[in-house]
Amino acid sequence: MITVEALHKHFGGFHAVDGASLTINQGEITGLIGPNGAGKTTLFNVIAGVLQPTSGRVIMDGEDITGLAPHTLFGKGLLRTFQIAHEFHSMTCRENLMMVPDAQSGETLWNTWFGRKRIADEERALRAKADEVLEFLTIEHLADHKAGQVSGGQKKLLELGRTMMVDAKIVFLDEVGAGVNRTLLNTIGDTIMRLNKERDYTFVVIEHDMDFIGKICGPVICMAEGKVLAEGSLAEIKANEQVIEAYLGTGLKNKETA
């Protein structure tokens, strides 16, 4: 689904992504690991159009999408979440989901005057879909709660819910486990696997928790210093000498329970 070819992203003399090449297969949950500063988040940002690459290409389903704006990629089914959830904190969880689909009738002044029935019908359909998504995520009890008042893990679930409102093809998840307790992390992991199996979502997941990676991911890619060091199963990655060396000082074994 995604092919990254010799991608570079430089910030002055610093090469955050330094010639990375990799392939993400459709229908898989791929883990992206590496020590802090390896270039993982920068790679996500370039693929998702948040940052422009210095050089290299990103191909999605055979189409060159290099440098396309995030809203354009959103329309193509490529979504990216962030380590810190970006919810609209003063709106309810349901409202956060309802506002995701673009080109809604109520967004134009003409329709607010002359298309009120269309707007009302559309909002009813969006509300029903949002409630269905909240139920799928097992947080339907939070529908009318302000999104800014729910826990960090529940905000991560809500971000997954946003992807369900537009039937995403591929979702890039940046450290879904950050600041999340173990119980909710297991719920998030189960939700990702359900979306993968039941709705054919493709995921790429940045995460430092090796137990979580081992639970949900098939292929794993390891980066260090802006480059791809190794690709394979988690067992193969953990046995790779280059990977072990890259983690020296931080401790690969410590990452398994971090």
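Residues numbered from 1 in each chain as written. Predicted model: local features only at pLDDT ≥ 70, side-chain atom pairs only at ≥ 80, totals over all residues. Heavy atoms only, no water.

Quick look at the packing of aromatic side chains now. Ring pairs (aromatic) are described by centroid distance and by the angle formed between their planes. Tallied over the entire structure, the rule returns two aromatic pairs. Ring geometry for F44 versus F172: centroids 5.0 Å apart, planes at 80°, classification edge-to-face. With F44 in helix α1 (residues 40–47) and F172 in strand β7 (residues 170–174), this residue pair connects regions lying 128 residues apart in the sequence. Comparing F44 with F172, the two get one shared label, buried. Plain terms: the ring middles of Y201 and F203 are 5.9 Å apart, the flat faces sit at 40° to each other, and that makes the pair tilted. For Y201, a relative accessible area of 2% puts it in the buried group. Above the ring of F11, the side-chain terminus of K9 is found at 5.2 Å from the ring centroid. (Phe/Tyr/Trp six-rings, centres within 6.5 Å; stacked < 30°, edge-to-face > 60°. Helix = DSSP H or I, 4+ residues; strand = E, 2+ residues; numbered from the N terminus. Buried < 20%, exposed > 50% of the residue type's maximum accessible area, 1.4 Å probe, protein only. Lys NZ or Arg CZ within 6 Å of the ring centre and 35° of its normal.)

A separate point is the nonpolar core. Ranked by size, the top nonpolar core spans 49 residues in total, and within it L160, I192 and F203 carry the most contacts. Here this core gets six residues from one element, more than from any other, and that element is helix α7 (residues 182–199). Within the second largest apolar cluster, 26 residues are counted, among which are A38, L73, V204 and I221. (Core = buried A, V, L, I, M, F, W, Y, C linked by side-chain atoms within 4.5 Å.)

This model, assessed by the stated rule, comprises 13 salt bridges. Between R57 and E5 there is a salt bridge, with its nearest N and O atoms 3.0 Å apart. Of the two residues, R57 sits in strand β4 (residues 55–60) while E5 sits in strand β1 (residues 2–11), which places them 52 residues apart along the sequence. By relative accessible area, R57 is classed as partly exposed at 37%. Take E5: its relative accessible area is 31%, and that puts it in the partly exposed class. D174 is paired through a salt bridge with R80; the nearest N and O atoms lie 3.3 Å apart. Here D174 is found in strand β7, whereas its partner R80 is found in strand β6 (residues 78–80), with 94 residues between them in sequence. Judged on exposure class, the residue D174 and its partner R80 are both buried. Through salt bridges that share partners, E5, R57 and D64 make up one connected network. (Salt bridge = Lys/Arg side-chain N within 4 Å of Asp/Glu carboxyl O.)

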